[in-house]
Amino acid sequence: MIRAGVIGASGLAGGELIRLVAQHPALEPAFLGGAASVGMRMGELHPGLRIHPGLTVRHVTADIADRLDVVFLATPAPVSARCAALLADRVVVIDLSGAFRIRARRLHDRWYPEVERPEDLVDRFVYGVPELVGDQLREAALISLPGCYATAITLGLAPLVLGMGLRADRVLVDAKGGSSGGGLRLRAAGLHPLRSGAITPYAPNGHRHAAEVTDFLRRTRPGAVGSLTMSAYGVPTVRGLLASLYVFTDRAVDRRELERAYLRFYRGHPFVRARRHTETRIPVPDPQAVLGSNFCDVSAFVDEDGGHLVVLAALDNLVKGAAGQAVQAANRRFGLPEETGLTMQPVMPA
């Protein structure tokens, strides 16, 4: 068994990680780390997880690496930076935060000014989109997972800029996500009387997930992306997100070429479903059609009147956008079939 630790066990992503690790046939939940929740059991933190009653949350020290094979960091970015420095070179580290997503120093400092990270670790972290960097994950000791919106955007753009070789001169992203994306931090705007029924433009003029996509794609294929800007809105759901991408490219593409490109690019990748928009009784991609699963549904269209492409990508932000993708990356890292422990189908309606 692969001994796994989850640090940040009391949070939403931490709870989802515990759930997935506990049902995984090759992972053993061997350590829970935290601060304010030290001494608490899983069932106390997450009422749905009445499992492993002897496992309680403990303080994080360097020696935990001696009894673990992999550590998942479901912690705020400043905490992840400190934990990575403590555990690097002693155990495989998979970080769900934004501490190491952006390599460019200037860009990182703009979007994560509160995160002081060891610069000697920055270039060692693999930006962990399993569908795009799978071979790199096999030997990686340090893995930085993309953010939930960034996962949807990157998977939506990759067939265009990495598969077809197009240049995305300009990308406009309209992203809408549920309340779980904000975690458990208490804010007045998140209270039920204000959140219920609302569409909240909390980041109308830029979002740090767009910066990490730009950073990754420009490193992967220089010149692939010109400008990429994003507006983010909170919607009255708990899980799920939809990213709508409006992509202006350097050449015209017809509908059939576009559909074939997406099907070809994601052939052999079980968790990205390239779909026709009208193939089901509800238009897809739709977040409710992926909830509880590790799938990302993607559709692409040609807007001839607007002179651009439209790409839609939907996923569950706590699974494919966080914990599920973390387990998927761990499967790759430890030589397991990619789907191991992640074969759950979506729950709908939810």
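What counts and how
Residues numbered from 1 in each chain as written. Predicted model: local features only at pLDDT ≥ 70, side-chain atom pairs only at ≥ 80, totals over all residues. Heavy atoms only, no water. Pairing = 2+ DSSP bridges. Helix = DSSP H or I, 4+ residues; strand = E, 2+ residues; numbered from the N terminus. Axes fitted to C-alpha atoms, helices over the stretch in contact; angles between N-to-C directions. Salt bridge = Lys/Arg side-chain N within 4 Å of Asp/Glu carboxyl O. Buried < 20%, exposed > 50% of the residue type's maximum accessible area, 1.4 Å probe, protein only. Contact = heavy atoms within 4.5 Å. Left-handed = near helix turned anticlockwise from the far one by under 90°. Nonpolar A, V, L, I, M, F, W, Y, C, P; charged D, E, K, R; others polar. Core = buried A, V, L, I, M, F, W, Y, C linked by side-chain atoms within 4.5 Å. Patch = residues over 30% accessible without salt bridge, like charges linked within 9 Å, V, L, I, M, F, W, Y side chains within 5 Å. Areas by Shrake-Rupley, 256 points an atom, 1.4 Å probe, with all protein chains shown as cover. Lys, Arg positive; Asp, Glu negative; His and termini not counted. Charge placed at Lys NZ, Arg CZ, Asp CG, Glu CD.

> An account of the sheet that holds strand 10 (residues 225–234) is requested, with residue identities and associated values reported.
Strand order in the open sheet formed by 7 strands is 9-10-8-11-14-13-12, and the pairing between neighbours is mixed. The outermost strands of the open sheet, each flanked by one partner alone, are strand 9 (200–203) and strand 12 (272–274). For this sheet, the mean angle separating the axes of adjacent strands, direction not counted, is 25°. The pairing of strand 12 with strand 13 (residues 296–303) spans 3 bridges and is parallel. Within the sheet, the bridge partner assigned to Ala274 lies in strand 13 and is Val298.

> Outline the pattern of salt bridges, supporting the account with residue identities and numerical values.
For the coordinates displayed, the defined rule picks out 22 salt bridges. Between Arg117 and Glu119 there is a salt bridge, and its shortest N-O distance comes to 3.7 Å. Residue classification places Glu119 among the partly exposed residues on the basis of a relative accessible area of 38%. Between Glu338 and Arg332 there is a salt bridge, with its nearest N and O atoms 3.1 Å apart.

> Would you mind going over unusual backbone geometry in detail, with residue names and values included?
Val284 connects to Pro285 through a cis peptide bond whose omega is 0°. In this structure, Pro285 sits in the loop between strand 12 and strand 13. Phi at Asp89 is positive, roughly 75°, even though this residue is not glycine. One can find Asp89 in the loop between helix 3 (77–87) and strand 5 (92–95).

> Go over the sheet that holds strand 2 (residues 27–33), please, and point to the residues and values.
By definition, the strands of a sheet pair up through backbone hydrogen bonds, in either a parallel or an antiparallel sense. On the basis of which strands lie adjacent, the open sheet formed by 7 strands has the order 3-2-1-4-5-7-6 and parallel pairing. At either margin of the open sheet sits one strand with a lone partner, and together these are strand 3 (57–58) and strand 6 (126–127). Taken together, the 3 bridges between strand 5 and strand 7 (residues 142–144) define a ladder with parallel strand orientation. Residue Ile94 lies in a different strand from strand 7, and its bridge partner there is Ile143. On the sheet, helix 3 packs against strand 1 (2–7), strand 4 (70–73) and strand 5 and is oriented at approximately 165° with respect to strand 4.

> Let's hear about helix 3: which residues, and what values?
Taken residue by residue, helix 3 has Ala77, Ser80, Ala81, Cys83, Ala84 and Leu87 as its buried positions. Tucked into the core, helix 3 has its buried residues touching strand 1, strand 4, strand 5 and helix 5 (119–122). One or two residues past the end of helix 3 sits Asp89, with phi positive at roughly 75°.

> How would you explain the packing of helix 6 (residues 130–137) against helix 11 (residues 319–333) if you had to name every residue and give the values?
At their nearest, the axes of helix 6 and helix 11 sit 9 Å apart, and the two run at 35° to each other. Helix-helix and strand crossings are classified by hand; for helix 6 and helix 11 the assignment is right-handed. Contacts between helix 6 and helix 11 pair Pro130, Glu131, Gly134, Asp135 and Leu137 from the former with Lys320, Gln325, Gln328, Ala329, Arg332 and Arg333 from the latter. Each residue belonging to the contact of helix 6 with helix 11 can be placed in one class, and the counts come to 3 nonpolar, 3 polar and 5 charged.

> Please set out the nonpolar core residue by residue, giving values where relevant.
Within the largest apolar cluster, 85 residues are counted, with the highest numbers of intra-cluster contacts made by Phe72, Leu157 and Leu160. Setting aside chain neighbours within four positions, we find Leu160 in contact with Gly165, Leu166, Val247, Leu258, Tyr262, Leu309 and Val311. Counting residues in hydrophobic clusters, the runner-up holds 26 residues, among them Ile7, Cys83, Ala84 and Ala88.

> Tell me about a positive patch on the surface, and name the residues and values.
On the surface, a cluster of positive charge is made up of Arg256, Arg260, Arg264 and Arg267. You can see Arg267 is positioned in the loop between helix 10 (255–265) and strand 12. What makes Arg267 exposed here is its relative accessible area of 61%.

> Account for the environment of Ala188, naming residues and giving values.
Structurally, Ala188 is set in the loop between strand 8 (168–177) and helix 8 (192–195). Separated by 56 residues in the primary sequence, Ala188 and Leu132 place their C-alpha atoms 38 Å from one another.

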